[in-house]
Amino acid sequence: MQITLNNGPLDIDGIDENVSVLELVDLVEGSLQGTGSTIVRIFLDGKEFSAENREKLQQEKLMAYEKAQLVAATAADLIVEAFSDSTEILLHLEDITMEAASELRVGQIRPALTKFLEILNGLDWFVTIIKNADIAFAAKMAETAYENERQGLIARVCEQISAAEAAQKAEDWVGVADIAEYEFCEIFKAARKFIASLMKE
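This is a predicted model, so every value here is computed, not measured. (Residues numbered from 1 in each chain as written. Predicted model: local features only at pLDDT ≥ 70, side-chain atom pairs only at ≥ 80, totals over all residues. Heavy atoms only, no water.)

So, the packing of helix 7 (residues 144–169) against helix 8 (residues 173–199)
To keep things clear, this is the line we draw: Between N-to-C directions, angles span 0 to 180 degrees; the directions come from axes that are lines fitted to C-alpha atoms, helices contributing only their stretch in contact. Helix and strand labels come from DSSP, where a helix needs a run of H or I of at least four residues and a strand needs a run of E of at least two; each type is numbered from the N terminus. Orientation labels follow simple angle bins: below 35 degrees gives roughly parallel, above 145 gives roughly antiparallel, 65 to 115 gives roughly perpendicular, and whatever is left gives oblique. We call a crossing left-handed when the near helix sits turned anticlockwise from the far one by less than a right angle, and right-handed when that turn is clockwise. Under the convention adopted here, Pro, Cys and the residues Ala, Val, Leu, Ile, Met, Phe, Trp and Tyr are nonpolar, Asp, Glu, Lys and Arg are charged, and Gly plus all remaining residues are polar.
Packing of helix 7 against helix 8 leaves a shortest axis separation of 10 Å and a crossing angle of 160°. Put simply, helix 7 runs roughly antiparallel to helix 8. As for how helix 7 packs across helix 8, the hand of that crossing is left-handed. Here the residues of the contact of helix 7 with helix 8 sort into 16 nonpolar, four polar and five charged.

With respect to helix 4 (residues 109–131)
Think of an α-helix as 3.6 residues a turn; residues three or four steps apart then line up on the same face. This is how the line gets drawn: Here, expected helix span is obtained from the residue count minus one, scaled by 1.5 Å. Note on exposure labels: buried denotes an accessible area under 20% of the residue type's maximum, exposed denotes more than 50%, and partly exposed covers the range between, all computed with a 1.4 Å probe on protein chains only. Two residues form a contact once any of their heavy atoms are found within 4.5 Å.
If you check helix 4, its first and last C-alpha atoms are 32 Å apart, about what 23 residues at 1.5 Å a residue would give, namely 33 Å. Within the sequence span of helix 4, burial applies to Ala112, Lys115, Phe116, Ile119, Gly122, Leu123, Phe126, Val127, Ile129 and Ile130. In this structure, the buried side of helix 4 is in contact with helix 3 (75–105), helix 5 (133–136), helix 7 and helix 8.

Thoughts on a negative patch on the surface
Inclusion rule: Here a patch means residues that are over 30% exposed by relative accessible area and free of salt bridges, tied together within 9 Å if like-charged and within 5 Å if nonpolar (Val, Leu, Ile, Met, Phe, Trp, Tyr). Surface accessibility follows the Shrake-Rupley procedure with a 1.4 Å probe radius. Residue values consider only the protein chains on display as shielding. Only one rule defines a salt bridge in this text: a Lys or Arg side-chain nitrogen within 4 Å of an Asp or Glu carboxyl oxygen. Under the counting rule used here, the positive set is Lys and Arg, the negative set is Asp and Glu, and His together with the chain ends is not counted. A single reference atom marks each charge: NZ on Lys, CZ on Arg, CG on Asp, CD on Glu.
Residues Asp77, Glu81, Asp85 and Glu88 make up a contiguous surface patch of negative charge. Take Asp77: it is sitting in helix 3.

Comments concerning the pattern of salt bridges
Taken as a whole and assessed by the stated rule, the structure comprises 10 salt bridges. Between Glu60 and Lys56 there is a salt bridge, and its shortest N-O distance comes to 2.9 Å. Its salt-bridge partner being Glu94, residue Arg192 comes within 2.6 Å of it at the nearest N-O pair. Residue Arg192 is found in helix 8, and its partner Glu94 is found in helix 3; the two are separated by 98 residues along the sequence. Through salt bridges with shared partners, a single ionic network connects Glu94, Lys189 and Arg192.

A word on unusual backbone geometry
Even without being glycine, Asn6 reaches a positive phi, approximately 50°. Inspection of the secondary structure assignment puts Asn6 in the loop between strand 1 (2–5) and strand 2 (8–9). We note that Asn7 has phi near 75°; this positive angle belongs to a residue other than glycine. If you trace the backbone, Asn7 turns up in the loop between strand 1 and strand 2.

Things to note about the layout of surface pockets
Selection rule: For each structure, a 1 Å grid was placed over the protein atoms alone; sets of points admitting a 1.4 Å probe that cannot get out are labelled cavities, open sets with protein on both sides within 12 Å along at least five of seven lines are labelled pockets, and lining residues have an atom within 4 Å of a point. Grid points are joined across faces, edges and corners, and a volume is the space filled by probe spheres set on the points.
Size it by volume and the largest pocket reaches roughly 150 Å³. The wall of the largest pocket is formed by Leu78, Ile79, Glu81, Ala82, Asp85, Ile89, Trp125 and Ile129. Looking at the lining of the largest pocket, the elements with two or more residues in it are helix 3 and helix 4. Top element by residues in the lining of the largest pocket is helix 3. It accounts for six residues. Class assignment for the residues of the lining of the largest pocket results in six nonpolar, no polar and two charged.

Examining the nonpolar core
Our working definition: Side-chain atoms within 4.5 Å link the members of a nonpolar core, which is a set of buried Ala, Val, Leu, Ile, Met, Phe, Trp, Tyr and Cys residues.
If you look at the biggest cluster of nonpolar residues, it comprises 39 residues, and the most contacted ones within it are Phe83, Phe116 and Phe184. When residues of this core are traced back to their parent elements, those giving at least two are helix 3, helix 4, helix 7 and helix 8. Element by element, the count of residues in this core is highest for helix 8, at 12 residues. Within the second largest apolar cluster, 19 residues are counted, among which are Val25, Val28, Ile42 and Ala68.

Overview of the packing of helix 4 against helix 7
Direction vectors running N to C along helix 4 and helix 7 enclose 160°, while the axes themselves pass 10 Å from each other. Taken together, the axes of helix 4 and helix 7 are roughly antiparallel relative to one another. Viewed along their axes, helix 4 and helix 7 form a crossing whose handedness is left-handed. In this structure, helix 4 contributes Leu113, Phe116, Leu120, Leu123, Phe126, Val127, Ile130 and Lys131 to the contact, and helix 7 contributes Arg150, Leu153, Ile154, Val157, Ile161, Ala164 and Gln168.

Following this line, the structure appears as structure tokens:
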């Protein structure tokens with residue numbers, strides 16, 4: 001049985017056929033106390049298991065697997081990772097926003113609304129990560145210009161989501177398309193610029 005933490009080997013005594021994966025996770029997390037790190041990813045023989053699904057981890061017996069890989073990270077690590085992935089995600093959201101707007105303009109409502117759900121989830125994700133930007137970028141977020149830009153982006157997202165939902169409720173599909181094309185896409189562009197500036201050394 002091979003156990004690793006962030007690719008480094010772990011030597012743990014007392015492992016037998018009755019030990020669950022959850023017991024391993026709790027044991028390792030106990031050793032991480034004071035570091036600010038927690039277990040965020042778990043791989044058993046290459047298959048990923050959610051670190052938040054404690055019931056499932058309790059059911060899984062550690063000795064049923066040949067290799068257990070644990071990944072620990074701090075909150076700051078997770079924010080930096082999210083920001084690092086953001087350019088690709090925001091470009092994808094911009095692409096499907098334009099597609100949804102085009103579909104709405106020609107009456108293809110159902111496929112457009114399916115995309116709209118992904119777009120709204122993406123906007124919610126973006127607001128969440130920039131609200132937590134201080135965790136990883138405290139020095140820059142202490143500057144008035146960055147804070148003002150962040151608050152402006154959050155307010156703009158909330159305003160345009162409300163406008164889009166009102167237009168959707170009224171079945172004003174052209175209105176929804178306009179908000180998508182002229183507001184959401186501009187938000188995604190501004191978001192990429194803001195995040196790139198934050199991550200610049």
